[in-house]
Amino acid sequence: MKTVMNMRAAALGLLALGLSGCVSLGGGKAPPTLLTLTADNLAPAGRTLGGRAAEALVVMEPEADRRLAVTRVPVQLDNANVAYLKDAVWVERPTRLLRGLLAETMRAKGNRLVFEDDQAEARGSLHLSGRLVEMGYDARNMSVIVRFDAVRDMGDGQISTRRFEAVERGVTADAASVAPALNRAANKVAAEVAEWVG
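Engineer: Tell me about the environment of Y137, and name the residues and values.
Structural biologist: Within the element layout of this structure, Y137 appears in strand β6 (residues 126–138). Looking at Y137, the relative accessible area reads 3%, which means it is buried. Taking the C-alpha atoms as reference points, Y137 and A173, separated by 36 residues in sequence, lie 7.6 Å from one another. A polar contact of 2.6 Å, which involves the side chain of Y137, links it to the backbone oxygen of V171.

Structure (structure tokens):
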């Protein structure tokens, strides 16, 4: 009996050792926290929308500067210095996460077909694009900021732009505090963009 238990313990130990190699990122230790954005407003399951592809809304992945084109969370230390938040990594580029959040929020709040620009069906005449200006932590005033310059192209030559911003203050500089604050701020921006696009 003792031999069987020892064999089981050894097998479990080998399994754990094998799995530890599967979660390594870039040869180093896996970060304690992986950040993502989760929509507060979800399109209900079973809801069916139809229409002409030409009338669909296509949400484009926003542009961003190099500071935001990585999977790290930027921390603005002062006007000239930027670091990255310790132990926090986005599951993918923040621009892609914001695009998905915007699209899901518009599906939930609207009555039109909504596609993301990497979907094969994405052929709508109405386009939402823009630039993600800020999505990180400001150490100077202990806040998270999401700032998005949106561009709405109606497909008939009419283009309009608008800046959206959400700030959450009093956030401590750790992943456990910054992650939910960024999610709340991003959802606020997404809801305001959805209202604006209509």
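Engineer: An account of the pairing of β6 is needed here, citing residue identities and associated values.
Structural biologist: Most of β6 sits out of view: 10 of its 13 residues are buried. Both strand β2 (residues 57–59) and β6 contribute to a ladder of 3 bridges, which runs parallel. The residue of β6 that forms the bridge with L57 is L126. Of the strand pairs in this sheet, β6 and strand β7 (residues 143–153) are connected by 11 bridges, and their pairing is antiparallel. When the bridges of β7 are listed, M135 appears paired with V146. In sequence, β6 turns back onto β7 through a hairpin of 4 residues, with M142 there showing a positive phi of about 50°.

Engineer: Quick rundown of the confidence of the model for the protein? Include the residues and the values.
Structural biologist: On average, residues of the protein score 83 in pLDDT, and 79% of them reach the 70 mark or higher. The least confident element of the protein is helix α1 (residues 2–20), whose mean pLDDT is 42; the most confident is strand β8 (residues 159–169), at 97.

Engineer: Residues and numbers for the nonpolar core, please.
Structural biologist: Counting residues in each nonpolar core, the largest one holds 42 residues, and the members touching the most others are L102, M106, L128, L182 and V193. Those elements that provide at least two residues to this core are β2, β3 (72–76), β4 (82–90), α2 (94–109), β6, β7, β8 and α3 (175–197). Here this core takes 12 residues from α3, the largest share from any one element. Contacts of M106, omitting those with residues within four sequence positions, involve L57, V59, V114, L128, V193, A194 and V197.

Engineer: Which residues make up the packing of α2 against α3, and what values go with them?
Structural biologist: Interaxial distance between α2 and α3 falls to 9 Å at its minimum, and their mutual angle equals 55°. On the basis of their axis angle, the class for α2 and α3 is oblique. Pair α2 / α3 crosses with right-handed handedness. Here L101, L102, T105, M106 and K109 of α2 come into contact with α3, specifically with A186, N187, A190, A191, V193, A194 and V197.

Engineer: Requested: an account of the side chain of T105, with residues and values cited.
Structural biologist: Assignment of secondary structure puts T105 in helix α2. Note on T105: relative accessible area 1%, which makes it buried. With residues up to four places along the chain from it excluded, the contact list for T105 reads N41, A190, A191 and A194.

Engineer: Account for the pattern of salt bridges, naming residues and giving values.
Structural biologist: Inspection of the entire model under this criterion finds 15 salt bridges. The closest approach of N and O atoms between R96 and E92, which form a salt bridge, is 2.9 Å. Under the relative-accessibility criterion, R96 is labelled partly exposed at 25%. The residue E116 makes a salt bridge to R99 at a minimum N-O spacing of 3.2 Å. Pair noted here: E116 is in strand β5 (residues 114–116) and R99 is in helix α2, with a separation of 17 residues, a long-range link. Of the residues examined, E116 reaches a relative accessible area of 16% and is grouped as buried. Assessed through its relative accessible area of 3%, R99 is described here as buried. Through salt bridges with shared partners, a single ionic network connects R99, E104, R107, E116 and D117.

Procedures and definitions
Residues numbered from 1 in each chain as written. Predicted model: local features only at pLDDT ≥ 70, side-chain atom pairs only at ≥ 80, totals over all residues. Heavy atoms only, no water. Helix = DSSP H or I, 4+ residues; strand = E, 2+ residues; numbered from the N terminus. Buried < 20%, exposed > 50% of the residue type's maximum accessible area, 1.4 Å probe, protein only. Polar contact = N/O pair within 3.5 Å; in protein donor to acceptor, adjacent residues only side chain to side chain. Pairing = 2+ DSSP bridges. pLDDT = per-residue confidence, 0-100. Core = buried A, V, L, I, M, F, W, Y, C linked by side-chain atoms within 4.5 Å. Contact = heavy atoms within 4.5 Å. Axes fitted to C-alpha atoms, helices over the stretch in contact; angles between N-to-C directions. Parallel < 35°, antiparallel > 145°, perpendicular 65-115°, else oblique. Left-handed = near helix turned anticlockwise from the far one by under 90°. Salt bridge = Lys/Arg side-chain N within 4 Å of Asp/Glu carboxyl O.

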